[in-house]
Amino acid sequence: MASDDKLLLLVENDEPSEFPKYTPKSLIPQSLGPISDRPSGNERINISSSSSVLTLAERDSIVAIFVVAFDTRSGNIIEWCVPEETELDGVEFKAMTSGSHTLDNDFVYFRKDNLFGLACFENMKVDSEIERGARMKSVGILSLSYTTLYRHMQFLETQVRHQLETPGNYSQLLAFYNDRKGILPSDGTSETLKAPSPGSTPSTPSRGEIPPELRITHPAGCFNQFIKFFGEKMFVLWKFALLQRRIIFFSPPPIGVVCYRVYCACCLANHSIPGLNNIELRPHFYVNVADIEALESEVSYVACTTEKIFESKTHLYDVYVDNQNVKASSIALQDLLKVSDGDREKLARLNNLRSAHKFSTEEMGEVSSTNEEEIITSFFTEMNERLFQTLLDISQSQDRQLTSDHMKSIGLDPTGDRAFLMELVEHYGIDVVLMVDNPCCPK
């Protein structure tokens, strides 16, 4: 396409449009998209001022904006992007995920090298033989961090519809980029691009506080759906997250809700105890077969996919989660898949906290600055910190003996969680002597 032709595409149509022009005020989304575990994806999450822990004062760092289209001859293609020189190889298959042609709409979080992306997809029926009766597009952005991407969900949803209705009109996307663009670090190192890990943030959060790198948002229903979906098995995922294992979630489309499971799984391992042998539990969000080589070099990550082929690639993961079925890739980790009595007790305590909070806000009419999502994340943060602090204190004691009473005090089942505790102290190099008998080998 000639440069003059490209310029013509950036000129506003004189005809009135039902789509609002871009303004900075349109940056706060009213929803994060479908959260229901039903394939229909009709249920939406509403954000209120109390449910988001971010403010508009936090700086955006958007480095690219793009449009992906499905071409009946070429497949997924990058239709348009700014800046034009942005390396987007493979993004066309992340912004429009495998199986998305079966949906009316969806959204997806993903990684591109050391950048994070968010894209909104829509499938519109058209009376066109060339397009085979359907026009499919995604509009997305790339950022240095995933913590502010949620702000732009509504804008992207609006713009993908705009691109379907008025193809080739990119003026609002260009205005958005010029208003919100960040600066890509010149050295391009991963250290400057990635979101900070829990142990490396300049200001370590206080006990129970959500660290900045986990503050995507706390929409009403995100963790609630996670608990409802996994139930007791959530604590199996908690153990693997604390062990910083490689976790991959599989689900047929839609993938948006599964991206939230990746986020929630990362939050399960949150703590602010310094001095531990921390490996960053990196959220990759959506991955496909093109990511296999990159995942082979990862020692710890959480990701999701719609591609069933990953199940057979057991060298890529430690834990494979097929909807509610959790399985391990090695025999050594099989014992960790069992739900212990301690897990059931922890779930009961968490549900009691949630019920008490709901009663105080709904029945008693009390005003609280804390929402249910923060109750849940604080529960895991405090539990993790109590666990690690107890283990560290015992390791510095004279006899270094960890007893059944110690395990009970940190919410673990002396019998059912013995294998997990042995893996945990070995992984973090915590020197304690486990005085709990192995149930398989009694004295």
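Here the structure is a predicted model, which means the values were calculated and not measured. (Residues numbered from 1 in each chain as written. Predicted model: local features only at pLDDT ≥ 70, side-chain atom pairs only at ≥ 80, totals over all residues. Heavy atoms only, no water.)

Q: Mind showing me how you'd approach the overall build of the chain here?
A: Helix and strand counts for the chain come out as 12 helices and 14 strands. Per-residue burial over the chain gives 54% buried out of 443 residues. Partitioning the contacts of the chain with sequence separation of at least 6, the portion at a separation of at least 24 is 68%. In the form shown here, the chain has an accessible surface area of approximately 20400 Å², with 50% of it arising from carbon and sulfur atoms. (Helix = DSSP H or I, 4+ residues; strand = E, 2+ residues; numbered from the N terminus. Buried < 20%, exposed > 50% of the residue type's maximum accessible area, 1.4 Å probe, protein only. Contact = heavy atoms within 4.5 Å. Areas by Shrake-Rupley, 256 points an atom, 1.4 Å probe, with all protein chains shown as cover.)

Q: Sorry, what's going on with helix α9 (residues 341–363) here?
A: Along an α-helix, a turn takes 3.6 residues, which lines up residues three or four apart on a common side. Under the 1.5 Å per step criterion, the end-to-end length of α9 is 32 Å for 23 residues, consistent within 8% with the ideal 33 Å. When we look at burial in α9, the residues that qualify are G342, D343, K346, L347, L350, R354, H357 and S360. (Expected span 1.5 Å × (residues − 1).)

Q: In this structure, what is going on with the packing of aromatic side chains? I would like to understand it.
A: The relative placement of two aromatic rings is captured by the distance of their centres and the angle of their planes. Here the structure, examined in full by the defined rule, presents 20 aromatic pairs. Ring geometry for W238 versus F420: centroids 5.6 Å apart, planes at 45 degrees, classification tilted. Here the residue W238 occupies a position in helix α6 (residues 234–242), and F420 occupies one in helix α12 (residues 418–428), the gap between them amounting to 182 residues. Of the two residues examined, W238 and F420, each falls in the buried class. Put simply, the rings of F107, Y109, F116, Y146, Y260 and F285 pair up and form one aromatic cluster. The residue whose ring lies beneath K239 is F420, and the NZ or CZ to ring-centre distance is 5.9 Å. For the cation-ring pair, R261 lies above F229, with the distance from its terminal atom to the ring centre recorded as 4.0 Å. (Phe/Tyr/Trp six-rings, centres within 6.5 Å; stacked < 30°, edge-to-face > 60°. Lys NZ or Arg CZ within 6 Å of the ring centre and 35° of its normal.)

Q: So what exactly am I meant to see when it comes to the environment of D399 here?
A: Here D399 shows up in the loop between α10 (372–395) and β13 (401–402). On the basis of relative accessibility, which here comes to 45%, the residue D399 falls in the partly exposed class. Here the alpha-carbon distance between D399 and V432, two residues 33 residues apart in the chain, equals 8.5 Å.

Q: Whenever I open this one, the nonpolar core confuses me. Can you help?
A: Buried together is how nonpolar side chains tend to be arranged in soluble globular proteins. By size, the foremost hydrophobic cluster in this structure holds 107 residues, and its most contacted members are M234, W238, F249, F380 and L424. Considering every element that reaches this core, the biggest residue donor is helix α7 (residues 256–268), with 11 residues. The residues contacting L424, other than those within four sequence positions of it, are L242, L243, L387, F388 and L391. (Core = buried A, V, L, I, M, F, W, Y, C linked by side-chain atoms within 4.5 Å.)

Q: How should the pattern of salt bridges be read in this particular structure?
A: This structure, assessed with the given rule, holds 20 salt bridges. For the salt bridge of R282 with E298, the shortest nitrogen-to-oxygen distance reads 3.3 Å. On the criterion of sequence distance, the pair formed by R282 in strand β9 (residues 282–286) and E298 in the loop between α8 (292–296) and β10 (301–305) is long-range, its members being 16 residues apart. For the pair R282 and E298, one class covers both residues: buried. The structure contains a network of salt bridges with shared partners spanning K239, D343, K346 and D417. (Salt bridge = Lys/Arg side-chain N within 4 Å of Asp/Glu carboxyl O.)

Q: Mind showing me how you'd approach the pairing of strand β6 (residues 115–125) here?
A: Within a regular beta strand, the side chains point alternately toward one face of the sheet and then the other, so they alternate between its two faces. Counting buried positions over the 11 residues of β6 gives 10, a clear majority of the element. Of the strand pairs in this sheet, strand β5 (residues 105–112) and β6 are connected by eight bridges, and their pairing is antiparallel. The partner of R111 across the bridge, within β6, is F116. Where β6 and strand β7 (residues 134–143) come together, 10 bridges link them in antiparallel fashion. In the sheet register, L118 faces β7, and the bridge partner there is I141. (Pairing = 2+ DSSP bridges.)

Q: What is the right way to look at the packing of helix α5 (residues 222–230) against α7 in this model?
A: Each packed pair of helices is defined by two parameters, the angle between the axes and the distance between the axes. α7 packs onto α5 with a crossing angle of 90 degrees between their chain directions and a minimal axis gap of 10 Å. By the criterion of interaxial angle, the relationship of α5 to α7 is roughly perpendicular. Within the contact between the two elements, α5 uses C222, F223, F226, F229 and F230 and α7 uses Y260, R261, Y263, C264, A265, C267 and L268. Its residues assigned to classes, the contact of α5 with α7 comprises 11 nonpolar, no polar and one charged. (Axes fitted to C-alpha atoms, helices over the stretch in contact; angles between N-to-C directions. Parallel < 35°, antiparallel > 145°, perpendicular 65-115°, else oblique. Nonpolar A, V, L, I, M, F, W, Y, C, P; charged D, E, K, R; others polar.)

Q: Can you walk me through the confidence of the model for the chain in this structure?
A: The predicted coordinates should not be examined in detail at positions where pLDDT is low. Scored by pLDDT, the chain comes out at a mean of 80, with 74% of its residues at no less than 70. Contacts for the low-pLDDT stretch residues 1–57, under 50 throughout, to residues beyond four places or in other chains number 121 contacts. Note on residues 187–220: pLDDT is under 50 here. Beyond four places in sequence and across chains, it has 79 contacts. (pLDDT = per-residue confidence, 0-100.)

Q: How should the environment of E382 be read in this particular structure?
A: Assignment of secondary structure puts E382 in helix α10. The class of E382 is partly exposed, set by a relative accessible area of 36%. With 112 residues separating them in the primary sequence, E382 and N270 have C-alpha atoms 8.9 Å apart.

Q: Sorry, what's going on with the side chain of N123 here?
A: Within the secondary structure, N123 is located in strand β6. Look at N123 and you get buried, because its relative accessible area is 15%. A distance of 3.2 Å separates the side chain of N123 from the backbone oxygen of H101, its partner in a polar contact. Residues in contact with N123, not counting those within four places in the same chain, are H101, L103, D104, A134, R135 and M136. (Polar contact = N/O pair within 3.5 Å; in protein donor to acceptor, adjacent residues only side chain to side chain.)

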